[in-house]
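So the chains spell out like this:
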Amino acid sequence: MSFRQPKSDAHRAAAAWQAWIEQYRAELLSIGLPAEVFLSAERWSDFLENGHLHWHPSSGFEFGQLTPGQLAALHRFLEREYGDATRFPPLLEWTRVRLAEIELL
């Protein structure tokens, strides 16, 4: 006789990531982000924490390479996704600061 074991937390996390990325992949690409920053939840977290892939192999992309329009679109995305969180990713603040600098020019 066999029985079903409950799905692991890792399985649930992977499924949640797949659902999230399917919903937002096209938008992230339209912003100008390379796929390497959202190939996995771990890579996305690395990007949000560092503004580039610090802990993963990378082409060298970092958020400062975005045009002002792309940077504004990224900021709007991050604000919508993480702006109400109790601990928002550092990249949200960095995009805010960079946009303020651009507006001052």
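What counts, and at which threshold
Residues numbered from 1 in each chain as written. Predicted model: local features only at pLDDT ≥ 70, side-chain atom pairs only at ≥ 80, totals over all residues. Heavy atoms only, no water. Buried < 20%, exposed > 50% of the residue type's maximum accessible area, 1.4 Å probe, protein only. Helix = DSSP H or I, 4+ residues; strand = E, 2+ residues; numbered from the N terminus. Axes fitted to C-alpha atoms, helices over the stretch in contact; angles between N-to-C directions. Parallel < 35°, antiparallel > 145°, perpendicular 65-115°, else oblique. Contact = heavy atoms within 4.5 Å. Nonpolar A, V, L, I, M, F, W, Y, C, P; charged D, E, K, R; others polar. Salt bridge = Lys/Arg side-chain N within 4 Å of Asp/Glu carboxyl O. Expected span 1.5 Å × (residues − 1). Phe/Tyr/Trp six-rings, centres within 6.5 Å; stacked < 30°, edge-to-face > 60°. Lys NZ or Arg CZ within 6 Å of the ring centre and 35° of its normal.

Draft legend 1. Main features of helix α2 (residues 41–50). Among the residues making up α2, those that are buried are R43, W44, D46, F47 and L48. Backbone geometry just after α2 places G51 at a positive phi near 80°.

Draft legend 2. Seen up close, the packing of helix α1 (residues 9–31) against helix α3 (residues 68–82). The contact between α1 and α3 brings their axes to 9 Å, and the two run at 155°. Our classification of the angle between α1 and α3 gives roughly antiparallel. Contacts between α1 and α3 involve W20, Y24, E27, L28 and I31 on the former and, on the latter, Q70, A73, L74, F77, R80, E81 and Y82. The residue inventory of the contact of α1 with α3, partitioned by class, reads 8 nonpolar, 1 polar and 3 charged.

Draft legend 3. Expanded view of the pattern of salt bridges. Here the structure, examined in full by the defined rule, presents 8 salt bridges. Among the salt bridges present, the one from R96 reaches E79, with a minimum N-O distance of 3.0 Å. You can see R96 sitting in helix α4 (residues 90–104) and its partner E79 sitting in helix α3, a full 17 residues away along the chain. Overlapping salt bridges, with partners in common, bring together E27, R80 and E81 in one network.

Draft legend 4. Highlighting α3. Between its terminal C-alpha atoms α3 stretches 20 Å, which fits the 21 Å expected from 15 residues at 1.5 Å a residue. Within the sequence span of α3, burial applies to L71, A72, A73, L74, H75, F77, L78 and Y82.

Draft legend 5. Inspection of the packing of aromatic side chains at higher detail. By the definition in use, this model includes 9 aromatic pairs. With 5.3 Å between their ring centres and 25° between their planes, W17 and W20 make a pair best called stacked. Of this pair, W17 and W20 both sit in helix α1, 3 residues apart, which is roughly one turn of that helix. Aromatic side chains F63 and W94 sit 6.3 Å apart centroid to centroid with 20° between the ring planes, which places their arrangement in the stacked category. In this pair, F63 sits in the loop between α2 and α3 while W94 sits in helix α4, placing the two residues 31 residues apart along the sequence. Of the residues examined, F63 reaches a relative accessible area of 6% and is grouped as buried. Taken together, the ring pairs connect W17, W20, Y24, W44, F47, F61 and F77 into an aromatic cluster. Directly above the ring of F88 sits R96, whose terminal nitrogen or CZ lies 6.0 Å from the centroid.

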